[in-house]
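Per-entry structural report
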Amino acid sequence: MRFPSLFVTRSCEAVHRLRQSSFLSPGSALSRHQRVSVSSLLCTEERSYYITTPIFYVNASPHLGHLYSAVIADCLHRYKLLQGFNSKFATGTDEHGLKIQQAAEAAGKDPLAFCTDVSERFKHLFSSCDISHTDYIRTTEPRHRRAVEHFWSVLWDKGLIYKGHYEGWYSTQDESFLTPSQVGDAVDSSGKEIKVSLESGHKVEWMTEENYMFRLSAFQSQLLDWLRGNPRAVQPECFHQFVLQWLQHDLPDLSVSRQRSRLQWGIPVPGDPEQTIYVWLDALVNYLTVAGYPEKHNQWWNVVHHVVGKDILRFHAIYWPAFLLGAGLPLPQTIYVHSHWTAEGKKMSKSLGNVVDPLQRSQMFTTDGIRYFLLRQGVPDSDCDYTDRKVVKVLNAELVDSLGGLLNRCTAPGLNPAQVYPSFCPQSFPREQGGRAVVEDYCMLAAVKDLPAVVEQHYESLHVYKALEAIATCVRQTNRFVQRHAPWKLDKRDIKDQRWLDTIIHVSFECLRIYGTLLQPIVPELSNKLLSRLGVQPGERSWAALNFLPSYRGMECPFEGRALGPDSGVLFSRLGSQNVDQQKPKKAKKAAKKK
Ligand code: MSP
């Protein structure tokens with residue numbers, strides 16, 4: 001079996017690595033030959049990238065976990081744009097299925113009007129949180145219906161779908177069919193014994209229906225080959241192992257339709273209006289719809305990457321690749337998996353009243369604040385706990401004190417009365433030790449020089465928190481550098497002192513420029529503020545412009561002598577105790593009122 005898409009990315013990566021090496025090893029500039037080969041490769045090969053979020057169910061309002069999926073994908077999209085990729089970023093809403101049908105009924109609304117209403121709420125949340133998607137898909141759109149019908153027909157024509165009889169467990173909440181081994185016993189809130197999904201804890205019901213089945217069992221060995229041959233297909237590694245384990249067990253054929261009498265809110269099976277297409281098959285095809293399927297999806301389909309939560313890994317790493325193999329389409333490049341957020345140590349749920357409202361938190365902590373927190377504290381491999389107190393602590397320490405403090409110090413009129421990007425003096429900070437710089441200063445330069453490669457590696461493997469940890473460590477080092485040399489104590493009338501002062505500020509600005517550039521995918525507004533204050537123009541903020549401290553290497557620095565941008569206030573405003581009293585479960589609040 002061939003997976004042509006893999007080859008495209010490898011060569012793109014090769015180009016990228018070559019390009020990176022030009023600033024990673026300052027001493028070894030690219031040879032003319034290398035430069036020519038890089039640019040010719042860049043010209044002949046389009047560097048495309050396509051990232052998706054799961055599409056969100058519209059049965060309830062958005063919560064923090066949804067925003068988290070979207071922020072991760074947004075970060076990867078922005079990062080790829082900075083690297084010069086032509087990047088497509090899709091998100092949207094999953095609007096069909098029994099769950100939505102029932103939610104609309106319960107709300108006494110027409111299903112489409114109900115979906116539109118909630119879908120708009122997601123859209124609003126995303127625009128408020130700087131989610132820069134290039135497409136927003138709703139599964140109720142005609143373009144999607146066309147894609148699903150076509151996809152179904154391809155599978156049908158290949159004999160991969162057959163009419164059968166399904167008898168087994170179904171969870172409406174998860175819209176998922178389960179085998180007996182995936183089901184356990186539980187007791188509901190009224191004390192009644194019920195059956196639940198062992199994975200999600202949601203109630204399951206026995207169903208027996210005539211419907212269409214997909215020959216999933218035929219793909220077991222191909223799926224194993226794919227995963228074994230592509231150890232980075234599912235990231236982080238622990239999730240790759242889960243999927244491999246699942247595939248050690250039997251893989252029964254999958255029911256891919258429901259009787260129309262039970263499920264009306266969905267796309268009818270082509271040629272059989274008595275059946276409705278299973279909502280997961282319908283939903284997964286959204287990724288193809290956005291790519292332009294069935295006519296013009298090739299450019300994007302070869303470079304698709306999915307961000308998904310751990311609860312929907314099986315659908316993305318088993319069902320979806322099997323459907324794609326069946327349809328003769330390339331498999332996703334990467335399935336990035338993240339874990340879940342709990343609130344004050346508990347699973348977020350409507351009944352507990354502890355669902356964290358992402359829009360409200362973005363207003364409370366700012367868009368950049370909530371984005372930074374989610375990506376700084378979110379560890380994809382394990383669940384993370386959300387508390388308002390933690391947000392305040394992290395943001396005050398890292399954005400206010402550390403990064404904001406550094407910018408504030410170095411741009412203060414006392415130290416920098418001319419408000420310029422001052423000159424670097426090689427005699428004060430020579431390449432070989434001998435000027436005024438000390439060993440720790442050289443260590444800092446080495447760390448900041450290596451930082452883009454470190455950050456890149458972590459962004460690529462979805463360990464964004466590690467990238468942010470690396471940046472935060474460097475920011476602290478730069479603060480210590482300034483503190484160590486106390487430029488405010490230098491005598492500005494002494495030419496040597498003045499040159500050293502300028503050098504300290506120049507080095508600090510260069511560090512800040514690197515931090516601001518690398519942070520753009522995480523905190524776009526804050527980075528813009530930081531880079532604008534340094535006088536770095538929009539065209540100078542790409543990954544290729546990350547040429548740290550060229551003056552130190554005897555190269556021209558375009559910023560030297562340039563006027564700083566206007567002072568538009570503190571980088572990030574300090575958060576206070578007023579921000580931490582919000583997170584009381586609703587029930588507790590009511591109880592408190594009664595008293
Ligand atoms: N509609 C399906 C996805 C179809 S994709 C073809 C779905 N929707 S969802 O609204 O339930 O979930 C969307 C995303 O939100 C999933 O990635 C899910 O993991 C994520 N989250 C839901 N709750 C979460 C947390 N508590 N924490 C983090 N993310 C979680 O599944």
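The sections below set out a description of the structure shown in this document. The structure presented is a predicted model; accordingly, all values stated were derived computationally and were not measured.

Taken together, the neighbourhood of the ligand is formed by 23 residues, with Ile55, Asp94, Gly309, Asp311 and Trp341 sitting nearest. Contacts to the ligand include Ile55, whose backbone N or O atom sits 2.8 Å from a nitrogen atom. In this structure, a nitrogen atom belonging to the ligand sits 2.9 Å away from a main-chain N or O atom of Trp341. If the ligand stood free it would expose 670 Å²; the protein chains cover 93% of that surface. Those elements that place two or more of their residues in the shell around the ligand are strand S2 (56-57), helix H3 (64-82), helix H9 (279-284), helix H10 (286-291) and strand S15 (304-309). Classifying every residue of the shell around the ligand by side-chain character gives 11 nonpolar, 10 polar and two charged.

Right, let's talk about the sheet that holds strand S12 (residues 257-259) for a bit. A sheet is described by the order of its strands in space; here three strands give the open sequence S12-S14-S13, paired in antiparallel fashion. Looking at the sheet topology across the chains shown, the edges are occupied by S12 and strand S13 (268-269). Direction of pairing for S12 relative to strand S14 (residues 272-277): antiparallel, over a ladder of three bridges. Bridge pairing links Gln259 to Gln275 in S14.

Read from one edge of the open sheet, three strands run S18-S17-S19, paired in mixed fashion. The outermost strands of the open sheet, each flanked by one partner alone, are strand S18 (346-347) and strand S19 (384-386).

Membership of the largest hydrophobic core comes to 179 residues, with the highest contact counts inside it found for Phe151, Phe323 and Tyr515. The biggest single contributor to this core is helix H18 (residues 495-519), with 12 residues. Inspection of this core shows a minimum of three residues originating in each of domain 1 (48-160 + 215-338) and domain 2 (401-563).

Let us look at empty space enclosed by the protein. A complete count under the given rule lists two cavities of 30 Å³ or more for this structure. When its volume is computed, the largest cavity comes out at roughly 90 Å³. In terms of lining residues, the largest cavity is bounded by Tyr372, Glu398, Leu399, Ser402, Leu403, Leu468, Ile471, Ala472, Val475, Arg476 and Leu519. Ranked by the residues each element gives to the lining of the largest cavity, the list is headed by helix H17 (residues 464-485), at five residues. By volume, the second largest cavity is sized at about 40 Å³. Along its surface, the second largest cavity is lined by Tyr68, Ile72, Leu374, Leu375, Gly378, Pro380, Leu462, Val464 and Tyr465. Split into classes, the residues belonging to the lining of the second largest cavity amount to eight nonpolar, one polar and no charged.

Conventions adopted
- Sequence order as written defines the numbering, with residues in each chain counted from 1.
- In keeping with the model being predicted, local features are shown solely for residues with a pLDDT of at least 70 and side-chain atom pairs are shown and tallied solely at 80 or more, while totals for entire chains, interfaces and linings include all residues.
- Note that water and hydrogens are dropped before the side-chain values are worked out from all heavy atoms of the structure.
- Throughout, near means a residue has at least one heavy atom within 4 Å of the molecule or strand.
- In protein, a polar contact means a hydrogen-donor-capable atom and an acceptor-capable atom, both N or O and within 3.5 Å, with residues adjacent in sequence counting only if both atoms are side-chain atoms; elsewhere, any N or O pair within 3.5 Å suffices.
- Each accessible area value is a Shrake-Rupley result obtained with a 1.4 Å probe; residue values ignore everything except the protein chains displayed when judging cover.
- By definition, any uninterrupted DSSP run of H or I lasting at least four residues is a helix, any uninterrupted run of E lasting at least two residues is a strand, and each is numbered from the N terminus.
- Think of it as three bins: nonpolar holds Ala, Val, Leu, Ile, Met, Phe, Trp, Tyr, Cys and Pro, charged holds Asp, Glu, Lys and Arg, and polar takes everything else, Gly as well.
- One requirement defines pairing of two strands: DSSP has to find at least two bridges between them.
- To define a nonpolar core, start from buried Ala, Val, Leu, Ile, Met, Phe, Trp, Tyr and Cys residues and group those joined through side-chain atoms within 4.5 Å.
- Each residue gets one of three labels from its accessible area relative to the maximum for its type: buried under 20%, exposed over 50%, partly exposed in between, using a 1.4 Å probe on protein chains only.
- What counts as a domain boundary in this text is fixed by an automatic or database domain assignment.
- Of the two site types, the cavity is a set of points on a 1 Å grid over the protein atoms alone where a 1.4 Å probe fits but cannot get out, and the pocket is an open set with protein on both sides within 12 Å along at least five of seven lines, each lined by residues with an atom within 4 Å of a point.
- Grid points are joined across faces, edges and corners, and a volume is the space filled by probe spheres set on the points.

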